[in-house]
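Architecture at a glance
As a plain string of letters, each chain reads:
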Amino acid sequence: MSLLGDEVFWEVEPTGPLHGDVRVAGSKNAVTKLMVAGLLGDSPSYILNAPMVTEVDITAGMLTSVGAGVGREGDTVVVDPSDICTGSVPVGYFRTNRIPILMMGPLLHRMGEVSVPLSGGDQIGGRPVDFHLEALRSFGAEVTVTDDAIHAKATRLQGTRVRLPFPSVGATETILLTAAVAEGRTVIENAAMEPEVVELALFLQRMGAGIEMRPDRRYVIEGTPKLSGARQELGGDRIEAFSYLVAGLASGGRVQVSGCSQDRLVTALSTLRRMGASFDITEDSVTVAPGELRSIAVGTSTHPGFMTDWGPPLVVLFTQVPGMSVLHETVFEDRLGYVEALDAMGAQVELYDQCLGGGPCRFHETDWRHSAVVRGRTQLRGGRLDMPDIRAGFAYILAAAVADGPSTIRGIHQLERGYDRVHEKFAELGLRIQEFGSAD
Ligand code: UD1
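Source: prediction; values computed, not measured.

Conventions and cut-offs
- Residues numbered from 1 in each chain as written.
- Predicted model: local features only at pLDDT ≥ 70, side-chain atom pairs only at ≥ 80, totals over all residues.
- Heavy atoms only, no water.
- Axes fitted to C-alpha atoms, helices over the stretch in contact; angles between N-to-C directions.
- Helix = DSSP H or I, 4+ residues; strand = E, 2+ residues; numbered from the N terminus.
- Parallel < 35°, antiparallel > 145°, perpendicular 65-115°, else oblique.
- Left-handed = near helix turned anticlockwise from the far one by under 90°.
- Contact = heavy atoms within 4.5 Å.
- Nonpolar A, V, L, I, M, F, W, Y, C, P; charged D, E, K, R; others polar.
- Core = buried A, V, L, I, M, F, W, Y, C linked by side-chain atoms within 4.5 Å.
- Buried < 20%, exposed > 50% of the residue type's maximum accessible area, 1.4 Å probe, protein only.
- Pairing = 2+ DSSP bridges.
- Phe/Tyr/Trp six-rings, centres within 6.5 Å; stacked < 30°, edge-to-face > 60°.
- Domains from an automatic or database assignment.
- Buried area = accessible area lost by both parts, 1.4 Å probe.
- Salt bridge = Lys/Arg side-chain N within 4 Å of Asp/Glu carboxyl O.
- Polar contact = N/O pair within 3.5 Å; in protein donor to acceptor, adjacent residues only side chain to side chain.
- Near = heavy atom within 4 Å.
- Areas by Shrake-Rupley, 256 points an atom, 1.4 Å probe, with all protein chains shown as cover.

For the rest of this paragraph, the subject is the packing of helix α1 (residues 28–37) against helix α2 (residues 54–65). For the pair α1 and α2, interaxial distance at closest approach is 10 Å and the crossing angle is 15°. One way to sum up the angle between α1 and α2 is to call them roughly parallel. Judged by the twist between their axes, the crossing of α1 over α2 is right-handed. Touching Lys-28, Val-31, Thr-32 and Met-35 of α1 are Glu-55, Val-56, Thr-59, Ala-60 and Leu-63, all from α2. Residue classes in the contact of α1 with α2 are distributed as five nonpolar, two polar and two charged.

Here you go:
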């Protein structure tokens, strides 16, 4: 038996600049939400261009636990809501991901009573669900929370007006999913406008919901008691696209990313351009070429700002660029813990509780160390890494790819929750990854 026991782990051997083409899959952050929306129809829904990520399988398990049928034919996921028979999602899904709470509105509509395990998701901050629960209460649901579950009852869901304290992606989705079938009109103010949230709104519109998007972060939804199944092709995953563009830049290679339209990457590309990167952009692809890069300061933000999930690969890129770069994380208070492992590989990253590189954010004057100062360029050493979450997981592979020797990486299941065929895609770029510990 190896020192790492029976767990699957990867040995990554740096092979120099990564070159080649990567076709990104449909968005991981949209597919699971459209699957939940499928519960609201009176006929099956079809979600095309679905990524091969285990979050889809986990969500399928949650939907089948309430009686829905879920199948996959190639890149199409089919959700058949005809036999939903309970509003209880098993507690076995306690802290698995954020999907059970999104199922509450649709299940309340169908069953009048729901019970879902408390949600999880990547450990990148407190990740409370207070906005979701307040919104459900304002639709008229009676909500109680126990140590491991949330229970709710409602004889009817009544349209409402909600002003979110922060434009939360998940809370906006909970409200859209509930408002679509509530009685009367719902207005969401200070709502999230991320492309994946808009995809959900478009899907609900295809199902027959009355949804308007207003320019000032507002959605106005006219509830419709009966929705039909819909069919929609997912947009490309902008986090996956950015991650592979950075893989090219950090390793000094030429990488072409296709399958994600430019409009989903505007801020990602303008940020990399500030560092000196240049691109060749077509209707379906973006190519980065090697070149001299410089340090910059970046603050994460809600859409259309620089997305928080783009942060971890960017920090690895910062280690490969001369000068002092700054990442100010303003969406999740506790997202930068992964830099400790990078420092152990020889990176020079310091964390600060001050808001550096931009104005004060919500975490101003708190103890959260949410600004990272990265001194580059450093030659990283191969290391032993354990992936704490999906995005940090990808960053660790990147760090291993630019290190001076092999690295051993555990926690691969984290990466596979959110990145489509990642082993295959890195192999196509020339990175040598050997997998150990799997059954085959
Ligand atoms: C989603 C994405 C995640 C992305 C994030 C921000 C999925 C599966 N995940 O996460 O990849 O990084 O959007 O773009 O789509 N908050 C509260 N109370 C709540 C809800 C949120 O205080 O009830 C706070 C959070 O703690 C955080 C901020 O709002 O500080 C943003 O969170 P949110 O936008 O809800 O992120 P998720 O939907 O969890």
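Bringing the nonpolar core into the picture now. Ranked by internal contacts, the top residues of the largest apolar core, which has 73 residues, are Leu-272, Leu-314, Leu-317, Tyr-338, Leu-342, Ile-397 and Phe-426. Leaving out residues up to four positions away in the same chain, Phe-426 has contacts with Leu-18, Tyr-244, Ala-247, Phe-394, Ile-397, Leu-431 and Ile-433.

Further remarks concern the sheet that holds strand β22 (residues 407–410). Overall, mixed pairing links the four strands, which are arranged β21-β22-β1-β23 in an open sheet. The strands lining the two open edges of the sheet, one partner per strand, are β21 (384–386) and β23 (432–436). Here the average twist between neighbouring strands, direction ignored, is 20°.

Within a pair of aromatic rings, the relevant descriptors are the distance that separates the centres and the angle that separates the planes. Tallying each qualifying case throughout the model produces eight aromatic pairs. Ring geometry for Phe-242 against Phe-306: centres 5.7 Å apart, planes inclined by 85°, an arrangement best described as edge-to-face. Taken as a pair, Phe-242 in helix α8 (residues 238–251) and Phe-306 in the loop between β17 (297–299) and α10 (311–319) lie far apart in primary sequence, 64 residues in all. One exposure class covers both Phe-242 and Phe-306, and it is buried.

Moving on, we come to α10. Residues lying three or four places apart along an α-helix face the same way, a consequence of the helix completing one turn every 3.6 residues. Within α10, nine of the nine residues are buried, leaving the element largely enclosed by the surrounding structure. Among the residues making up α10, those that are buried are Gly-311, Pro-312, Pro-313, Leu-314, Val-315, Val-316, Leu-317, Phe-318 and Thr-319.

A few words on the sheet that holds strand β8 (residues 149–153). Taken together, three strands build an open sheet; the order of strands is β6-β8-β7 and the sheet is antiparallel. Of all the strands in the sheet, just β6 (113–117) and β7 (142–145) have a single pairing partner and so form its edges. Averaged over all pairs of adjacent strands, the angle between their axes in this sheet comes to 15°, without regard to strand direction. Pairing between β7 and β8: four bridges, direction antiparallel. Bridge pairing in β8 links Val-143 to Ala-152. Running at roughly 150° to β6, helix α4 (residues 104–111) makes contact with β6 and β8 of the sheet.

Each assigned domain of the protein chain is listed here: domain 1 (5–24 + 236–436) and domain 2 (28–233). Listed per partner, the contact involves 25 residues of domain 1 and 23 residues of domain 2. Both sides together, the interface formed by domain 1 and domain 2 hides about 2100 Å², and carbon and sulfur atoms give 47% of it. Put simply, Arg-421 and Asp-75 hold a salt bridge, and the shortest N to O gap is 3.5 Å. On the surface where domain 1 and domain 2 come into contact, there are eleven residue pairs in polar contact (both at pLDDT 80 or more). Among the elements of the structure, α8, α12 (390–401) and α13 (412–418) are those that each provide at least two residues to the side of domain 1 that touches domain 2. Ranked by residues supplied to the side of domain 1 that touches domain 2, first place goes to α13 with five residues. Taken together, the residues of the side of domain 1 that touches domain 2 break down into six nonpolar, five polar and 14 charged.

Attention now goes to the site of the ligand. Arg-127, Asp-130, Ser-168, Asp-309 and Val-331 are the nearest of the 20 residues found near the ligand. Between the ligand and Val-169 there is a distance of 2.7 Å, counted from an oxygen atom to a backbone nitrogen or oxygen. When isolated, the ligand has an accessible area of 740 Å², and the protein chains bury 91% of it. Counting residues per element, the ones that place at least two in the shell around the ligand are α1, α5 (130–138) and α6 (169–179). Its residues assigned to classes, the shell around the ligand shows seven nonpolar, five polar and eight charged.

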